[in-house]
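# Coordinates in review
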Amino acid sequence: MYIKSVYLLVHKPRQPPKMKSWVSCLVIITLGGLCNTTKVNQCPGENFPNQDKNFVIGNCVDPPCLAKKNTRIVAKMRFKAESEPKELVKSVYATLSGTNLPFIGVDGTSACDFIYELDEKTKIGNCNLVKGKPYVYIDSVDILPMFPKIRGMVHWSLVDPATGKNILCLEVLLHIVD
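Residues numbered from 1 in each chain as written. Predicted model: local features only at pLDDT ≥ 70, side-chain atom pairs only at ≥ 80, totals over all residues. Heavy atoms only, no water.

Cis peptide bonds are those with omega within 30 degrees of zero, and the linkage from proline 63 to proline 64 qualifies with 10°. For glutamate 120, which is not glycine, the phi torsion reads 65° and is therefore positive. Within the element layout of this structure, glutamate 120 appears in the loop between β7 (115-116) and β8 (134-143). You will see that cysteine 127, though not glycine, has its phi angle at about 55°, which is positive. Along the chain, cysteine 127 turns up in the loop between β7 and β8. (Helix = DSSP H or I, 4+ residues; strand = E, 2+ residues; numbered from the N terminus.)

Structure representation (structure tokens):
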């Protein structure tokens, strides 16, 4: 869940010290933007800072995340551009018994139309990322009726096809149910 507004907190001189700490914490959480983030794993060989504080998948906090067939899961990821790619491609698949099963209609498609400014409304378009600037990637996956009922690790990354390098990458345990 994203917090859409920032509240101004007025300091009251008679506030007990514990209240000041709580108010400071509230301000930090409010300005931080993401609440109820999903616990995720780094992709093997990758190290994206604060990734566990920058990803939300549906209402899931503690994996395995449940995904009902015939529903859509929305994922939001904050990231800071470390390069200025001309194109980004999604790599989204579940790993079962050592075999990668791509998510149909998502894996291998362009990610450019799903990248927004931090306001989550302004699309950047054409993958015009500026190095060092933060963005939000918002996308969804349809859990199709044909998907098997599984419990497996889902890999989700955005890849610069020119370099083969991940712009962001995470793995999360997902359980597809009826």
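Text resumes after the structure shown.
Relative to the helices and strands, valine 177 resides in strand β10 (residues 165-177). In sequence terms valine 177 and lysine 149 are 28 residues apart; their C-alpha atoms lie 5.3 Å from each other. In contact with valine 177, other than residues within four places in its own chain, are Leu66, Ala67, Lys68, Lys69 and Lys149. (Contact = heavy atoms within 4.5 Å.)

In this section: the confidence of the model for the chain. Chain-level statistics for the chain give a pLDDT mean of 79 and a share of 79% at 70 or above. For the stretch residues 1-34, pLDDT sits under 50, and the model shows 35 contacts to residues farther than four places along the chain or on other chains. (pLDDT = per-residue confidence, 0-100.)

Following the sequence through the fold, serine 91 ends up in strand β5 (residues 89-96). Leaving out residues up to four positions away in the same chain, serine 91 has contacts with Asp107, His155, Trp156, Ser157 and Val159.

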